[in-house]
Amino acid sequence: MDSFIGDGPRSYLARLPLCPPELTWEWYDWSDHGRWDPDDLQNFLWPLADRCLALGAAVVGVYVDGDGFTLGFIAADKVDRLLELAAIAEVRIYVHRTGAPLP
């Protein structure tokens, strides 16, 4: 995998469970940590999600306490089950990809 920039956001994401180990990061400019915004759907989150889906992992967002947002990875073939459980628990989970997140 690419070398990490200190303990910046890229290394945090790469350490998350189920982050595809073969994921490369050259598509995003990591030279300015201050510009990194995990909520930037068009420039960061959707391209990340599309790349991960091609590698068999989905990028999910979980809303916590109405306004907190947590990113994570899940095996793409487990997404339907995750959404079923989220509905039972009444938790808002989004599966990201280019375009609008699912549901």
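Residues numbered from 1 in each chain as written. Predicted model: local features only at pLDDT ≥ 70, side-chain atom pairs only at ≥ 80, totals over all residues. Heavy atoms only, no water.

1. Concerning the nonpolar core
So, point 1. One finds Trp25, Phe44, Leu48, Cys52 and Val59 to be the most contacted residues of the largest nonpolar core, which totals 17 residues.
So, point 2. Those elements that place two or more of their residues in this core are helix H1 (9-15), helix H2 (41-54), strand S1 (57-64) and strand S2 (68-75).
So, point 3. A total of five residues in this core trace back to one element, the largest contributor, which is H2.
So, point 4. If we ignore the near neighbours within four places in the chain, the residues touching Leu48 are Leu23, Trp25, Trp27 and Val59.
So, point 5. With seven residues, the next largest nonpolar core counts Ile74, Val79, Ile93 and Val95 among its residues. (Core = buried A, V, L, I, M, F, W, Y, C linked by side-chain atoms within 4.5 Å. Buried < 20%, exposed > 50% of the residue type's maximum accessible area, 1.4 Å probe, protein only. Helix = DSSP H or I, 4+ residues; strand = E, 2+ residues; numbered from the N terminus. Contact = heavy atoms within 4.5 Å.)

2. Focus: the packing of aromatic side chains
So, point 1. Enumeration according to the criterion identifies two aromatic pairs in this entry.
So, point 2. Between Trp25 and Trp27, the ring centres sit 6.4 Å apart and the planes meet at 25 degrees, which makes this aromatic pair stacked. One exposure class covers both Trp25 and Trp27, and it is buried.
So, point 3. The structure contains a cluster of three or more aromatic residues connected by ring pairs, namely Trp25, Trp27 and Phe44. (Phe/Tyr/Trp six-rings, centres within 6.5 Å; stacked < 30°, edge-to-face > 60°.)

3. A short note on the pairing of strand S3 (residues 93-96)
So, point 1. Going residue by residue along S3, you find Ile93 and Val95 tucked away on one face and Tyr94 and His96 tucked away on the opposite face as well.
So, point 2. Here S1 pairs with S3 via four bridges, running antiparallel. Directly across from Gly61, in S3, lies its bridge partner Tyr94. (Pairing = 2+ DSSP bridges.)

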